[in-house]
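Commentary on secondary and tertiary structure
Residue-level listing of the chains:
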Amino acid sequence: MSVFNQMLARYKIEKQSELTSATYEVMQEITLAGLYRGGFFNKAAFYGGTCLRIFHGLKRFSEDMDFSLIAPNIDFRLEDYFPSIINEFNAVGKDVVISKKEKRTFGRVESAFLKDNTAVYDLKFQTEKSVKIKIEVDIDPPIKFDTEQKLLLLPYSFMTRCFVLPDLYAGKMHAIVFRKWKQRVKGRDWYDFEWYVRNGVKLNFNHLQERIRQFEDIEMSREEFIHQLKERLATTDIEMVKEDVVRFIKNTEELEIWSNDYFLQLADMIKFE
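Residues numbered from 1 in each chain as written. Predicted model: local features only at pLDDT ≥ 70, side-chain atom pairs only at ≥ 80, totals over all residues. Heavy atoms only, no water.

1. What about the environment of Tyr156?
Following the sequence through the fold, Tyr156 ends up in the loop between β6 (147-152) and β7 (158-163). The exposure class assigned to Tyr156 is buried, which follows from its relative accessible area of 17%. As a C-alpha pair, Tyr156 and Val3 span 153 residues in sequence and 9.2 Å in three-dimensional space. The contacts of Tyr156, once residues within four sequence positions are left out, are Ala33, Tyr36, Arg37 and Glu88. In terms of polar contacts, Tyr156 uses its side chain to reach the backbone carbonyl oxygen of Ala33, at 2.9 Å. (Helix = DSSP H or I, 4+ residues; strand = E, 2+ residues; numbered from the N terminus. Buried < 20%, exposed > 50% of the residue type's maximum accessible area, 1.4 Å probe, protein only. Contact = heavy atoms within 4.5 Å. Polar contact = N/O pair within 3.5 Å; in protein donor to acceptor, adjacent residues only side chain to side chain.)

Pasting the structure below:
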């Protein structure tokens, strides 16, 4: 059995959507392995929903991979690590193409696309849609965060530098209150918020303040943040929240209790470091 199929074999796959999700996760783990091999984690750390799922057991699927440099470096080039990623996929018998995603305005985020580019792979999964993973690297990160080394055993044993949970939590809370989506709500943020509260994770408000200061250019106290959070939780269309997240989870019964009041009560349960 190939390493790629060995990694897929860890999943209970009963339908096509589960195979697709498992394939995404395997590709993400191989990507992490390539980045480690290239020395990327000497300069950067993994964060976001995919980090939470791979290393902390979050039960929702996540497509994107989010990274942050440890210190600002406007000259950072993700392209320098492309060969290491490509070589890692080649080692498990897969060919990938990585390309820079050209956007008119990058801001602090540099993006790239990692996608499966083999006809055999597409044929195997009976789809013409290529598996595509978006990678984002914050090259001018907010400060006051800590990291830790987390172990993966496949495709070989390696360490991934990750944000610690209180700082992952801070990034998520910043997104819930300040994420600007025109006609949509990212219910995945709400799902993750529920996970942090349920698991008793403490929120690093110092890092959250840094994020607010850098991205929003405002100062905000803990009380002011909680007020804005509750305003967002109380006024958002909860059906839109559910609609966004439902395709990313297996057990949709989890959402039955969701209401604006439910999330307002979760807000009262937030613990701070």
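Having seen the structure, we can now continue with the description.
2. What to know about a nonpolar patch on the surface
Residues Tyr36, Leu151, Leu153 and Met159 make up a contiguous nonpolar surface patch of roughly 390 Å² in combined accessible area. Following the sequence through the fold, Leu151 ends up in strand β6. (Patch = residues over 30% accessible without salt bridge, like charges linked within 9 Å, V, L, I, M, F, W, Y side chains within 5 Å. Areas by Shrake-Rupley, 256 points an atom, 1.4 Å probe, with all protein chains shown as cover. Salt bridge = Lys/Arg side-chain N within 4 Å of Asp/Glu carboxyl O.)

3. Let's talk about the packing of aromatic side chains
This structure, assessed with the given rule, holds 24 aromatic pairs. When the centroid spacing of 5.3 Å and the interplanar angle of 45° are considered together, the rings of Tyr156 and Phe158 count as tilted. Pair check on accessibility: Tyr156 and Phe158 agree, each one buried. Taking the centre distance of 4.5 Å and the plane angle of 10° together, the rings of Tyr169 and Tyr196 count as stacked. Linking Tyr169 in helix α6 (residues 165-178) with Tyr196 in helix α7 (residues 187-198), this pair joins segments that are 27 residues apart in sequence. Members of the aromatic cluster, joined through ring pairs, are Phe40, Phe41, Phe46, Phe55, Phe67, Phe76 and Tyr81. A cation sits over an aromatic face here: Arg37 above Tyr156, 4.0 Å from the ring centre. (Phe/Tyr/Trp six-rings, centres within 6.5 Å; stacked < 30°, edge-to-face > 60°. Lys NZ or Arg CZ within 6 Å of the ring centre and 35° of its normal.)

4. Quick notes on the pairing of β7
The element β7 is extensively covered by neighbouring structure, given that five of its six residues are classed as buried. By the bridge criterion, six bridges tie β6 to β7 in an arrangement that is antiparallel. The partner of Gln149 across the bridge, within β7, is Arg161. Taking the residues that link successive antiparallel strands as the turn, the β6-β7 hairpin has five residues. (Pairing = 2+ DSSP bridges.)

5. A closer look at the packing of α6 against helix α8 (residues 205-216)
It is the contact of α6 with α8, at a shortest axis distance of 8 Å, that shows an interaxial angle of 40°. It follows from the interaxial angle that α6 and α8 lie oblique. In this structure, α6 meets α8 at a crossing whose hand is right-handed. In contact with Asp167, Ala170, Gly171, Met173, His174 and Phe178 of α6, α8 contributes His207, Leu208, Arg211, Ile212, Phe215 and Glu216. Class assignment of the residues belonging to the contact of α6 with α8 gives a composition of six nonpolar, three polar and three charged. (Axes fitted to C-alpha atoms, helices over the stretch in contact; angles between N-to-C directions. Parallel < 35°, antiparallel > 145°, perpendicular 65-115°, else oblique. Left-handed = near helix turned anticlockwise from the far one by under 90°. Nonpolar A, V, L, I, M, F, W, Y, C, P; charged D, E, K, R; others polar.)

6. Some remarks on the side chain of Ser68
Its place among the elements puts Ser68 in strand β2 (residues 65-69). Among the residues examined, Ser68 registers a relative accessible area of 1% and is labelled buried. Non-local contacts of Ser68, meaning those with residues more than four positions away in its chain, are made with Lys43, Ala44, Ala45, Tyr47, Asp138, Pro141, Phe145 and Phe163.

7. Considering the state of the cysteines
Simply put, disulfide is the name for a covalent bond between the sulfur atoms of two cysteines. Under the defined criterion, the tally for this structure stands at zero disulfides. Counting only cysteine sulfurs, Cys162 is the nearest neighbor of Cys51, a cysteine outside any disulfide, at a range of 3.8 Å. Note on Cys51: relative accessible area 0%, which makes it buried. With a relative accessible area of 0%, Cys162 lands in the buried category. (Disulfide = S-S within 2.5 Å.)

8. Considerations on the pattern of salt bridges
Per the stated rule, a full pass over the model turns up 17 salt bridges. The salt bridge involving Arg10 is made with Glu29; its shortest N-O contact spans 2.7 Å. Pair noted here: Arg10 is in the loop between α1 (3-8) and α2 (16-37) and Glu29 is in helix α2, with a separation of 19 residues, a long-range link. Relative accessible area serves as the criterion here: at 42%, Arg10 is assigned to the partly exposed category. One salt bridge in this structure joins Glu194 and Arg198, with 3.5 Å as the shortest N-O distance. Separated by four residues within a single helix, Glu194 and Arg198 lie in helix α7, roughly one turn from each other.

9. Looking at helix α9 (residues 222-235)
Here α9 is 14 residues long and its end C-alpha atoms lie 20 Å apart, about the 20 Å a rise of 1.5 Å per residue gives. Within the span of α9, buried status applies to Phe225, Ile226, Leu229 and Leu233. The buried residues of α9 occupy one face: seen down the axis, they fall within an arc of 95°. Seen from the buried face of α9, the exposed residues on the opposite side, beyond 90 degrees, are Glu223, His227 and Thr235. Buried residues belonging to α9 abut α6, α7, α8, α11 (260-267) and β9 (271-272). (Expected span 1.5 Å × (residues − 1). Arc of directions from axis to C-beta.)

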